[in-house]
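Residues per chain, in single letters:
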Amino acid sequence: FVVDDWYLTAYKPIKDDNNKIIGMIYVGVPEKPFIALQDKIKNIILLVGLVAFLMALVVSVIINSTITKPIKKLKKGVEMMGRGDYNFRVNINSNDEFEELAHAFNKMADENRSSHEKLKKQAEKLEKSYNELKILDELKSEIISSSSLEVNSGQYVCVKNNLYSLSINSII
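Residues numbered from 1 in each chain as written. Predicted model: local features only at pLDDT ≥ 70, side-chain atom pairs only at ≥ 80, totals over all residues. Heavy atoms only, no water.

Asker: Quick question: what am I supposed to make of the side chain of Glu99 here?
Answerer: Relative to the elements of secondary structure, Glu99 occurs in helix α2 (residues 97-145). It turns out Glu99 is buried and unbridged, and the closest side chain with the opposite charge, Lys73, is 10 Å from it. Reaching out from Glu99, the side chain makes a polar contact with the backbone nitrogen of Asn95 at a distance of 2.6 Å. When sequence neighbours within four positions are dropped, the list of residues in contact with Glu99 reads Ile92, Asn93 and Ser94. (Helix = DSSP H or I, 4+ residues; strand = E, 2+ residues; numbered from the N terminus. Buried < 20%, exposed > 50% of the residue type's maximum accessible area, 1.4 Å probe, protein only. Lys, Arg positive; Asp, Glu negative; His and termini not counted. Salt bridge = Lys/Arg side-chain N within 4 Å of Asp/Glu carboxyl O. Polar contact = N/O pair within 3.5 Å; in protein donor to acceptor, adjacent residues only side chain to side chain. Contact = heavy atoms within 4.5 Å.)

Asker: Would you take a moment to explain α2 for this structure?
Answerer: Residues lying three or four places apart along an α-helix face the same way, a consequence of the helix completing one turn every 3.6 residues. Look at α2: 70 Å from first C-alpha to last across 49 residues, which is about the 72 Å you get at 1.5 Å a residue. Buried residues of α2: Glu99, Ala102, Phe105, Asn106, Ala109 and Leu139, and no others. The N-capping residue of α2, defined by a side-chain oxygen 3.0 Å from the backbone nitrogen of Phe98, is Asp96. (Expected span 1.5 Å × (residues − 1).)

Asker: Just to check I follow, could you spell out the nonpolar core for this structure?
Answerer: Nonpolar side chains tend to gather and get buried jointly when the protein is soluble and globular. Counting 8 residues, the largest nonpolar core is built from Leu74, Met81, Tyr86, Val90, Ile92, Ala102, Phe105 and Ala109. Elements with a minimum of two residues in this core: α1 (32-82) and α2. Looking at this core, the element that brings in the most residues is α2, giving 3 residues. Phe105 has contacts with Leu74, Gly77, Val78, Met81 and Val90, leaving out every residue within four places of it along the chain. (Core = buried A, V, L, I, M, F, W, Y, C linked by side-chain atoms within 4.5 Å.)

Asker: Help me out: how do you make sense of the packing of α1 against α2 in this one?
Answerer: For any two helices packed against each other, one specifies the crossing angle of their axes together with the interaxial distance. Between α1 and α2, the shortest axis-to-axis distance is 11 Å and the interhelical angle comes to 5 degrees. The angle between the axes of α1 and α2 places the two elements in the roughly parallel class. Across the interface between the two elements, Thr66, Ile67, Pro70, Ile71, Leu74, Gly77, Val78 and Met81 from α1 touch Phe98, Leu101, Ala102, Phe105, Met108, Ala109 and Asn112 from α2. Broken down by class, the residue content of the contact of α1 with α2 amounts to 12 nonpolar, 3 polar and no charged. (Axes fitted to C-alpha atoms, helices over the stretch in contact; angles between N-to-C directions. Parallel < 35°, antiparallel > 145°, perpendicular 65-115°, else oblique. Nonpolar A, V, L, I, M, F, W, Y, C, P; charged D, E, K, R; others polar.)

Right, dumping it as structure tokens:
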């Protein structure tokens, strides 16, 4: 502190030829401009840090969405397929592995739909065959238990006054 303000100072001894101190030199400058510069630099560093943090946050949100959006779409597709909706399609146009995965998923959905339709048709055929066999079994039971059996020209059977048409082709 010098007179009425703080100063940045430096002192050096003044020596003679015999290395004996004969005086002192003093240099001093007011401290305020340097403190202001130091505060300004701190503020700039904080501002740059804050801007860098915000930029990193924005970039991470963008990267996060480019990764999570396709995954969410694929998850939705899996859920829809699990509910039996084989017509649901996952549309991802990202020109990367996610798009390839979406195409593979859609192909799998098509194959599952096709297999499901074939299975449904087979089940319907099986049910129809089962119903025909059931009718034939009932008819057989009635024929066997009936005491009066009448066969007319091999195509019609009359059991207890009930007339049944038998088609050999439908049995085979």
